[in-house]
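Single-letter residue listing:
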Amino acid sequence: MTRTHRSWTDGTLTARSFLKPHQVARAVFHPTWIPHSLDPTVDQLKRIRVIAGAVAALGVYSFVQGGFAFEEMLDNAATASAVLFFLTPVTVGVMLFVWRRGGTVRQLKVPLLNSLKLLLVFIGSVFTTVMLFSAGATFGMLPQLLLGLAGLWMAVFVMAGAFRLTGNFFGTAAVHRCLPPLLATVTTWLMALPDLITGDLHGLSLTLGIVFILGAPVTVTAISLLETRRLKHRYGIRLTAHPATLPPQFPAPPPYPPATPYHRGNPYAPRPNPYA
């Protein structure tokens, strides 16, 4: 298998791009080494999974309970980042143990390291954002204004990056196509477990509490099962198979309009005179 060395962003970032943090987030958190989706239907499933994952990560109950709380959103993002820092390597390590009979870890070294870099960049961005807003309150007016502007830029950058990462889940599709739905399922359930164990409904009624706590992980699990099922039946990609043993994976060709039928016959036959 040949490798082509390409830059992380493939030259898509310019100095003007930094005026728009969402463009920087798109280039940084969805780099060029992440493979394209195999199926448009899988892309549609990912969009729904992104929404449900955002619900679990940010805590939609904050909107229902007493309005939008920006500080609470930052706390939830920091908590989710800490969970991802420990959960993602552990889950990938378990799958490497499952795949041990089909291939070696050395064969997956490059995509594994790239995914780890993406994870560390996101976690560092989240904690940098939290530190900027926390440090702003301890300085005077001008430093507080500058830190506030930098914090707002980072907040947009992190939220746009989280949207990208919820779809590709730190580029783990470059390791195995079934890793993103698996990691999304494990993460959302782990985020919901503390509330389930403690019975903390965040001031909501029993019905709303159950809906908002269980709605996101159940939705993500159902979508992830559909995604892995489609990958298995249509492309032969099984979660338990080492990536080196999987068949070649090519994105589905885009739909083309039906071509006009090929005209058969003698191209040199005499034709009628249009001016007769």
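What counts as what
Residues numbered from 1 in each chain as written. Predicted model: local features only at pLDDT ≥ 70, side-chain atom pairs only at ≥ 80, totals over all residues. Heavy atoms only, no water. Helix = DSSP H or I, 4+ residues; strand = E, 2+ residues; numbered from the N terminus. Buried < 20%, exposed > 50% of the residue type's maximum accessible area, 1.4 Å probe, protein only. Contact = heavy atoms within 4.5 Å. Expected span 1.5 Å × (residues − 1). pLDDT = per-residue confidence, 0-100.

## What to know about the overall build of the chain
At step 1: Secondary structure summary: the chain contains 8 helices and 0 strands in total.
At step 2: Listing the helices and strands of the chain from first to last along the sequence gives α-α-α-α-α-α-α-α.
At step 3: Relative to its 276 residues, the chain shows a buried fraction of 37%.
At step 4: For the chain, the share of sequence-separated contacts (at least 6 apart) that also reach a separation of at least 24 residues comes to 75%.

## Notes on unusual backbone geometry
At step 1: Of note, the phi angle at Phe169 is positive, near 45°, even though the residue is not glycine.
At step 2: At Phe170, a position not held by glycine, the phi torsion is positive, near 60°.
At step 3: On the secondary structure map, Phe170 appears in the loop between α6 (141-168) and α7 (179-198).
At step 4: For Phe170, a relative accessible area of 3% gives the class buried.

## Considerations on α6
At step 1: With 28 residues, α6 extends 40 Å from end C-alpha to end C-alpha; this agrees with the ideal 40 Å at 1.5 Å per step.
At step 2: Buried residues of α6: Gly151, Met154, Ala155, Phe157, Val158, Ala160, Gly161, Leu165, Thr166, Gly167 and Asn168, and no others.
At step 3: Of the residues one or two after α6, Phe169 is the one with positive phi, at around 45°.

## A word on the confidence of the model for the chain
At step 1: Chain-level pLDDT for the chain is 78 on average; 74% of the residues reach the 70-or-more range.
At step 2: When the criterion is pLDDT under 50, residues 1-5 qualifies, and its contacts beyond four places in sequence or with other chains add up to 1 contact.

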